[in-house]
Amino acid sequence: MQLYPALITDALQTVRYPGNGKNLIEAEMVEDDIRIDGDSVSFSLIFDKPTDPFIKSMVKAAETAIHTYISPEVKVTVNVVSRRPAAPKDAPVLPGVKNIIGVASGKGGVGKSTVAANLAVALAREGYKVGLLDADIFGPSVPKMFGIEDEQLYIHDVDGRQLIIPIERYGVKLLSIGFVVDKDKAVLWRGSMASNALKQLISDADWGELDYFVIDMPPGTSDIHLTLVQTLGLTGVVIVSTPQEVALADARKGIAMFMEDKVNVPILGIVENMAYFTPAEHPDERYYIFGKEGAVKLAEKLGVRLLAQIPLVASIADSGDHGEPIAMTDTITGHAFAHLAHEVVDAVADRNSTLPPTTKVELKH
C-alpha cells in the first residue's frame, strides 16, 4: 500500500467541522505537518481554543475517514494544537480585579447585605471601579436593593468566550443568582449545584477592570464560603455584626473560620450595624436597643479594626426596599457608609502593604 499526502487530505475533506459546516481542509484545520512512515501516518488538527467541545469527535472522525477511504490497516496518529494557548493553571480567575472583599456575618438578620450593597455604592461614589456579587445563593437580595429585580441578563463574546454582562446601577457592576431564579419561589439546590452556579457568576462574567470586587456572602459558614476561598484569593473580609451578644458569638465563629490556617483570609475589620437608634426629632439622642458597643469591644479583643458604627435608621431599610441604597443620599446614614468606604480603602491599603496576596485554598483529600 502506497501512502502519500494527497490521499490523506482527500480523506480529511470528507470530515466536516460542526462549528462552521466546512470540511477540515476547507476550514484550514489540518496543520502542514503530515508525516508518512510506511503504513503509519501522523498529522495535527488545529482548533481555535484548547477547550473546543468538538476536539475528541473530530480526532475520531479523522481516523475513521482515513480507515474508510484509504485502508483500515493504516496506523493513524492525530495531534491536537490550539491557536490560542490554554490559560496557565495558576492564572487568576479575575485578572482585571485589584482587590476582592468578602462581606460576611456569623448569622442572618444583622444587615450584612445592606452593608455590602451600601459599601459598594459608597466606593463607587468615591470614584473607584466597583463590582458587587450577590453570593447569598439561598437569599439573594441585591436585585431588590438596587431596584433591578426584573432585569434580563445578556451574554456577549469576549476573545472567543461567551461571557455574562453584569448589570450596572449607581456606578456598580452587579450580578446575583436572583437574576436567574423566580423571585417568588424558594431556591432548592443541592450544595454542588449552588457552588457551580456561583463559580459561573464569577468566572463566566465580563467583570473587566475593577478596583474593588465586593462579595455579599451567605450568613454563617457553609459550602459556599468554601467554594469562594477555593475559587478566589480574597484580599480580606469585612465582618458585620450587631452589638447583641448572640450576634457577637456567631461573629466570632465567622472570624475563626477565615483565620483558620488552611483558609487564612485577612480580617479587614468589623462593622457594628444597628449600633444605636436616634429619633429623627431628637438627633442628639442615642438609644442602644441591641446593647452598647459589643462589636467595638470584640474588635479590641481580637486586635482588628472597628471600621464603622452604622445607626439603626428606618430609612436604611426603606431605601433598600425601594431600590435606592442610602449611601446615595447626603444624610447622616449616607455619611456613615461613606466613612465605612474610607476605612475599608485604608484597611485594604494597609493589608496590601504588609501581607502577600492571599492564595486560593487548596484542599488535599
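Residues numbered from 1 in each chain as written. Predicted model: local features only at pLDDT ≥ 70, side-chain atom pairs only at ≥ 80, totals over all residues. Heavy atoms only, no water.

Chemist: If you had to explain the pairing of strand E5 (residues 130–134) to someone new, which residues and values would you point to?
Modeler: In terms of residue burial, E5 counts as a mostly covered element, since five of its five residues are buried. Burial of E5 is two-sided: the residues Val130, Leu132 and Asp134 facing one way and the residues Gly131 and Leu133 facing the other way are all buried. Strand direction decides the pairing type here: E5 and strand E9 (residues 172–176), joined by five bridges, are parallel. Counterpart to leucine 132 in the pairing with E9 is leucine 174. (Buried < 20%, exposed > 50% of the residue type's maximum accessible area, 1.4 Å probe, protein only. Helix = DSSP H or I, 4+ residues; strand = E, 2+ residues; numbered from the N terminus. Pairing = 2+ DSSP bridges.)

Chemist: Help me get a handle on the nonpolar core, residues and values and all.
Modeler: One finds Leu132, Phe213, Ile215 and Phe258 to be the most contacted residues of the largest nonpolar core, which totals 83 residues. When residues no more than four places from it in sequence are discounted, the contact partners of leucine 132 are Ala116, Ala117, Ala120, Val142, Phe146, Val172, Lys173, Leu174, Leu175, Trp207, Val214 and Asp216. Listed in part, the 24 residues of the second largest apolar core include Leu12, Leu24, Ile34 and Met58. (Core = buried A, V, L, I, M, F, W, Y, C linked by side-chain atoms within 4.5 Å. Contact = heavy atoms within 4.5 Å.)

Chemist: How would you explain helix H3 (residues 112–125) if you had to name every residue and give the values?
Modeler: Spanning 14 residues, H3 covers 20 Å between terminal C-alpha atoms, matching the ideal 20 Å at 1.5 Å per step. Judged by how many residues are buried, H3 sits mostly within the fold: twelve of 14 residues are covered. By the burial criterion, the buried members of H3 are Lys112, Ser113, Val115, Ala116, Ala117, Asn118, Leu119, Ala120, Val121, Ala122, Leu123 and Ala124. One or two residues past the end of H3 sits glycine 127, with phi positive at roughly 100°. (Expected span 1.5 Å × (residues − 1).)

Chemist: Quick one: what's the story with unusual backbone geometry, residue by residue and with numbers?
Modeler: Despite not being glycine, asparagine 264 has its phi angle at roughly 55°, a positive value. Structurally, the position occupied by asparagine 264 is in the loop between helix H7 (245–259) and strand E12 (267–277). For methionine 274, which is not glycine, the phi torsion reads 55° and is therefore positive.

Chemist: Talk me through the confidence of the model for the protein chain; I want residue IDs and the actual numbers.
Modeler: In the predicted model, the protein chain carries a mean pLDDT of 85, and the fraction of residues at 70 or more is 89%. Ranking the elements of the protein chain by mean pLDDT puts helix H9 (residues 314–321) last with 63 and strand E10 (residues 210–216) first with 97. (pLDDT = per-residue confidence, 0-100.)

Chemist: Can you explain helix H2 (residues 55–69)? Please cite residues and give values.
Modeler: In this model H2 runs 21 Å from its N-terminal to its C-terminal C-alpha over 15 residues, within 8% of the 21 Å that 1.5 Å per residue would give. Taken residue by residue, H2 has Ile55, Met58, Val59, Ala62, Ala65 and Ile66 as its buried positions. The buried residues of H2 occupy an angular sector of 125° when projected down its axis, which confines them to one face. In H2, the exposed positions that point more than 90 degrees away from the buried face belong to Lys56, Lys60 and Thr68. In this structure, the buried residues of H2 make contact with helix H1 (5–12), strand E2 (40–47) and strand E3 (75–82). (Arc of directions from axis to C-beta.)

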